[in-house]
Amino acid sequence: MIEIKNLHASVDGKEILKGIDLTIRPGEVHAIMGPNGSGKSTLSYVLAGRDGYEITEGSVSFFGKDLLAMEPEERAAAGLFLAFQYPVEIPGVANTTFLKSALNAIRKQRGEPELDAMQFLKLVREKTKALSMTDEMLKRAVNVGFSGGEKKRNETLQMAVLQPKFAILDETDSGLDIDALKIVAEGVNALRSPERSMLVITHYQRLLDYIVPDHVHVLAFGKIQRSGGKELALELEKNGYAEFGVNEAA
Amino acid sequence: MAATTETVEQVRAVTEQKYKYGFTTDIEADVAPKGLNEDIVRFISAKKEEPEWLLEWRLKAFRVWQEMEEPRHWAKLSYPPIDYQDAHYYAAPKMKDRPKSLDEVDPELLKTYEKLGIPLREQEILAGVEGSEGRSPAIAVDAVFDSVSVATTFKAKLEEMGIIFCSISEAVHKCPELVQKYLGSVVPYTDNFYATLNCAVFTDGSFVYIPKGVRCPMELSTYFRINQANTGQFERTLIIADEGSYVSYLEGCTAPKRDENQLHAAVVELVALDDAQIKYSTVQNWYPGNEEGVGGIYNFVTKRGACRGRNSKISWTQVETGSAITWKYPSCILQGDNSVGEFYSVAITNNFQQADTGTKMIHIGKNTRSTIVSKGISAGRAQQTYRGLVKILPKAEGARNHTQCDSLLIGDQCGAHTVPYIENRNRTARVEHEATTAKISEDQLFYCRQRGLSEEDAVSLIVNGFCKEVLKELPMEFAVEAQKLVGISLEGSVG
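Residues numbered from 1 in each chain as written. Chains lettered and ligands numbered in written order. Predicted model: local features only at pLDDT ≥ 70, side-chain atom pairs only at ≥ 80, totals over all residues. Heavy atoms only, no water.

A. Representation of helix α6 (residues 148-162) of chain A. Residue and element names in this part refer to chain A. Helix length check: α6 (15 residues) gives 21 Å between terminal C-alpha atoms against 21 Å at 1.5 Å per residue, within 8%. Among the 15 residues that make up α6, 14 are buried, leaving the element largely enclosed by the rest of the structure. After α6 finishes, the residue Q163 shows a positive phi value of roughly 50°. (Helix = DSSP H or I, 4+ residues; strand = E, 2+ residues; numbered from the N terminus. Expected span 1.5 Å × (residues − 1). Buried < 20%, exposed > 50% of the residue type's maximum accessible area, 1.4 Å probe, protein only.)

B. Here's a closer look at empty space enclosed by the protein. Residue and element names in this part refer to chain B. Tallied over the full model, the rule gives five cavities of 30 Å³ or more. In terms of lining, the largest cavity is formed by 18 residues, of which the most central are S374, G376, Q384, Y386 and S407. Elements that contribute at least two residues to the lining of the largest cavity include exactly β15 (340-349), β17 (369-378), β18 (383-392), β19 (400-409) and β20 (415-424). No other element matches the five residues that β17 contributes to the lining of the largest cavity. Its residues assigned to classes, the lining of the largest cavity comprises six nonpolar, ten polar and two charged. The volume enclosed by the second largest cavity comes to roughly 70 Å³. If you go around the second largest cavity, you meet twelve residues; those closest to its centre are E251, H264, N299, V301 and K303. Where the lining of the second largest cavity is concerned, the elements lending two or more residues are β7 (246-254), β10 (277-285) and β11 (296-307). A per-element tally of the lining of the second largest cavity places β11 first, with three residues. Classifying every residue of the lining of the second largest cavity by side-chain character gives four nonpolar, four polar and four charged. (1 Å grid on protein atoms, 1.4 Å probe; cavity = no way out; pocket = protein on both sides within 12 Å on 5 of 7 lines; lining within 4 Å. Points joined across faces, edges and corners; volume = space filled by probe spheres on them. Nonpolar A, V, L, I, M, F, W, Y, C, P; charged D, E, K, R; others polar.)

C. Up close: the sheet that holds strand β1 (residues 2-11) of chain A. All names here are of chain A. Reading across the sheet, the four strands line up as β2-β1-β4-β5 and stay open at both edges, with antiparallel pairing between neighbours. Of all the strands in the sheet, just β2 (14-24) and β5 (65-66) have a single pairing partner and so form its edges. Bridging between strand β4 (residues 54-62) and β5 involves two bridges; their strand directions are antiparallel. Across the sheet, F62 pairs through a bridge with K65, a residue of β5. (Pairing = 2+ DSSP bridges.)

D. Spotlight on the pattern of salt bridges. Applying the stated rule across the entire model yields 33 salt bridges over all chains. We note a salt bridge from E71(A) to R449(B), for which the minimum N-O separation is 2.6 Å. Taken as a pair, E71(A) in the loop between β5 and α2 (72-77) and R449(B) in helix α10 (residues 442-450) lie in two separate chains rather than in one. Judged by its relative accessible area of 37%, E71(A) is partly exposed. Residue R449(B) is classed as buried on the basis of its relative accessible area of 8%. In this structure, E136(A) engages R140(A) in a salt bridge whose closest nitrogen and oxygen atoms are separated by 3.3 Å. (Salt bridge = Lys/Arg side-chain N within 4 Å of Asp/Glu carboxyl O.)

Following this line, the structure appears as structure tokens:
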């Protein structure tokens, strides 16, 4: 599905990713764990196509296509979704308007018919129920005045509506209390399927109790230092990142 | 907005229809010779077969205008001198010059209409004239092509209720006492350079009278179009809402793409008597000039409403996306006690467009209230200024004003300026002014694009969100089209 080979990326001339290799097959959930500043968010932005990152070496193939040559909206249409660590506020734009525009933009790019208001409403009602979101949240402006938990639920809702093939969850657990975390994790787990892959980016093991990964990778100093099964997360929880030369005050 | 989106073809259909039935003969006519002098003023007045008092009024205005100086010092606008002798001051549509088919119409203009989703409904209304009555929603349209009103729809139905909706030249003959009483009563012939010029040479425009206690059952709409080259358009609109009446009026404007600048200097006067309410909405989409700033309409407009009666209300809603230069300050004189003035504005300037726009709220009566919401969006190398006056006179006990003025910048070569004037002469009055300036952030754009929206759609979505408070004031049918226009105006502004 996605094949990252020797990926190097710089910001303002400073190299952040120093050769990432990662292959994710359909249905797999991979977790990337790492300390602050290890390049976790850079990796998610580079994959999603944000401006300001210079790819100096390497390649990313997504369903056989050159992902790095695509515009961000083309990546979205190809099935890539990024759940943001800090979801962005768009004042005056109703959440439903945003969702409908996004869904129809993607459908249009794929040559599928756009949904009309009724079809869309039916779909979105179905998805909100599962995430215990209210109609009121749908009417509010995108992420404006949302609590941390509401923002992350909103990201999950967008993912549920857009049905991506590959979802990157960037620090989805940050700013969530345990109840909110459970709701979001349930929403994410409901989307797991043999066709859909996920890349869960997190600093802490806590999230992985709820979204259980098939593979865990440790990212530090811009490189994957070690890979393993879900037990690697538990080991990190116990020993921290010291083993990888990272000195983090507890 | 209905009016704005009429295609050239629709208007052509109407003019041809009129020609076919031979309602008037002067439609075959003419363009007055270039230049401006007393003879031209007399020519226009004679063409309209105007009464003596109106000709005298025009001539008085013309003499005052000759002594006036063009106001070039205070507005933040820069443009080469206008040669007022190098334009035609009267042009009526000539059938022979109409495009024979859509192939002859400027394809750029057609593209714009196409993007707006050419509203067939309005085509029916305009082309079908009387025949389309009974279909909903009903919108009565007066189309002004160059200098002449070419068609007014739904007249008969409105007349049953005592509503007069016709061209102002017609009103001069039909109800001269109303015209004589109110024309120039809000914007006097000595008012300002452009308004005074308009008094001398105005050619047509719409007239509305709503009788006591009548709630006008449909939107009234005027469609203005400058078509002839080298022609100034000077329309004059007069709306009178008698005691306890209500009317919602829409105005739309378009012009073809031309390399030279064309002058548009309109005057709109509104009068609201006791308990009357006028809602005036404008979607201004005159040709803005090309990406290099060549061509486009110079739009110098005086719009003013008088809340003469107690509890009267006047609301201005404007969406200004066109014109190379916009100089426009729709105002309210809040004379009657408890009267209310509102100004909701979206102004978009892209490329080399310049706009100096805002409002004046003059509080005279007790407990008068005014609300100003201005949203300015600047992109490309455009410069935009909000200029607003809130004036509270000594007797305006308990007057209230709230002003909110937001600017949004796209790119780093445009400018937004806010110039509020507040004059308060009453201790019990309360005046509030809030202003913000923001840029569309990279974060917002990337977020939208990650969800599948193109950069242009993302900008359109974000800007529409920014303007929402104003757009929701537009009549429903037109709000959707205005949203699209917002997107179109900003095309090419990013990336």
